[in-house]
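# What the coordinates show
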Amino acid sequence: EEVESQKLVQFQNVNDSSFPQAFSHFTYEESKKNFMVVDLQGVFTLRVNGKRFYELTDPVIQTHSRSRISRIDFGRTDRREKGIKAFFYSHKCSDVCKLLGLGH
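Residues numbered from 1 in each chain as written. Predicted model: local features only at pLDDT ≥ 70, side-chain atom pairs only at ≥ 80, totals over all residues. Heavy atoms only, no water.

This next bit is on the overall build of the chain. When its secondary structure is counted, the chain shows four helices and four strands. The order of α-helices and β-strands along the chain, N terminus first, is α-α-β-β-β-β-α-α. The 104 residues of the chain split such that 29% are buried. For the chain, the accessible area works out to roughly 7,600 Å², and carbon and sulfur atoms hold 51% of it. (Helix = DSSP H or I, 4+ residues; strand = E, 2+ residues; numbered from the N terminus. Buried < 20%, exposed > 50% of the residue type's maximum accessible area, 1.4 Å probe, protein only. Areas by Shrake-Rupley, 256 points an atom, 1.4 Å probe, with all protein chains shown as cover.)

Before going further, it helps to spend a moment on a nonpolar patch on the surface. Together, Phe23, Phe26, Leu56 and Leu100 line one region of the surface with nonpolar side chains, adding up to about 310 Å² of accessible area. Inspection of the secondary structure assignment puts Leu100 in the segment after helix 4 (95-99). (Patch = residues over 30% accessible without salt bridge, like charges linked within 9 Å, V, L, I, M, F, W, Y side chains within 5 Å. Salt bridge = Lys/Arg side-chain N within 4 Å of Asp/Glu carboxyl O.)

Take a look at the structure:
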């Protein structure tokens with residue numbers, strides 16, 4: 001339990017606004033850099049049972065052209081590598097990214 005407490009102390013700057021960007025970064029890593037979900041908006045919602053969850057809306061999918069998924073048409077908002085590069089140009093890893101073990 002003491003080790004867990006020490007880990008939490010390392011990541012004191014976790015805030016609600018960090019989650020959409022961290023989720024985008026997570027989707028890129030988990031897809032083996034084939035695609036990512038970006039342009040997310042959302043809110044934390046409190047359920048009747050007292051648990052909070054983040055409801056994300058308005059996703060845009062950016063695909064990498066070398067990926068098999070790139071054969072799927074995600075519409076005009078899919079800017080492919082250009083969109084992925086734009087995300088990482090402005091993305092600064094937060095403590096949420098660090099908690100998820102994501103690198104840049």
